[in-house]
Amino acid sequence: MSKVRANPETLNDVGNRMLTSSRDLTESGAAVGEQSTFDRGSLGQATVGVMIHESYSTAVYSSARLIENLCAVLESDGENIQRASRDIDEVLNRRKP
């Protein structure tokens, strides 16, 4: 049988940081989504014929979805790393009969 070589505390800390990052990004993603439009008139003649407002909205929407997907990955991976940390800790602390 191979030896387990991992530090459960370190893994747990990594999982915690990933979950914290997911929450922080979720908050910033919501803020990005709130900025999805702007007043066309604010740019005056610069917007004539270039559809800058549609491009801006698409870019903000895409960024918000990207942040959302990244948050989901960070949350899932953070939970899996924490679970692995607990499993390793259990194995390391198991006493032979």
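Right above here is the structure, for reference.
Below, the structure is looked at part by part. (Residues numbered from 1 in each chain as written. Predicted model: local features only at pLDDT ≥ 70, side-chain atom pairs only at ≥ 80, totals over all residues. Heavy atoms only, no water.)

Right, let's get into the pattern of salt bridges. As a working rule, side chains carrying opposite charge can pair if their charged atoms are close by. All chains considered together, the criterion is met by 2 salt bridges. In this structure, Arg65 and Glu68 form a salt bridge, with 3.2 Å as the shortest nitrogen-oxygen distance. Remark: Glu68 and Arg65 occur in helix H2 (residues 52-93); sequence separation between them is 3 residues, near one turn of the helix. For Arg65, a relative accessible area of 30% puts it in the partly exposed group. Arg94 is the partner of Glu90 in a salt bridge, and the nearest nitrogen-oxygen pair spans 3.7 Å. Here Glu90 and Arg94 have matching classes, each one exposed. (Salt bridge = Lys/Arg side-chain N within 4 Å of Asp/Glu carboxyl O. Helix = DSSP H or I, 4+ residues; strand = E, 2+ residues; numbered from the N terminus. Buried < 20%, exposed > 50% of the residue type's maximum accessible area, 1.4 Å probe, protein only.)

The next thing to look at is the environment of Val32. Inspection of the secondary structure assignment puts Val32 in helix H1 (residues 8-34). A relative accessible area of 26% means that Val32 is categorised as partly exposed. In the structure, Val32 is positioned 19 residues away from Met51 in sequence and 20 Å away in space, judged by C-alpha atoms.

A contiguous nonpolar patch, built from Leu43, Val50 and Ile52 and spanning about 240 Å² of accessible area, is present on the exposed surface. Inspection of the secondary structure assignment puts Val50 in the loop between H1 and H2. (Patch = residues over 30% accessible without salt bridge, like charges linked within 9 Å, V, L, I, M, F, W, Y side chains within 5 Å. Areas by Shrake-Rupley, 256 points an atom, 1.4 Å probe, with all protein chains shown as cover.)

Viewed as axis vectors pointing N to C, H1 and H2 meet at an angle of 160 degrees, and their least axial separation amounts to 8 Å. Considering their axes alone, H1 and H2 lie roughly antiparallel with respect to each other. H2 is crossed by H1, and the crossing has left-handed handedness. The residue makeup of the contact of H1 with H2, split by class, is 16 nonpolar, 11 polar and 4 charged. (Axes fitted to C-alpha atoms, helices over the stretch in contact; angles between N-to-C directions. Parallel < 35°, antiparallel > 145°, perpendicular 65-115°, else oblique. Left-handed = near helix turned anticlockwise from the far one by under 90°. Nonpolar A, V, L, I, M, F, W, Y, C, P; charged D, E, K, R; others polar.)

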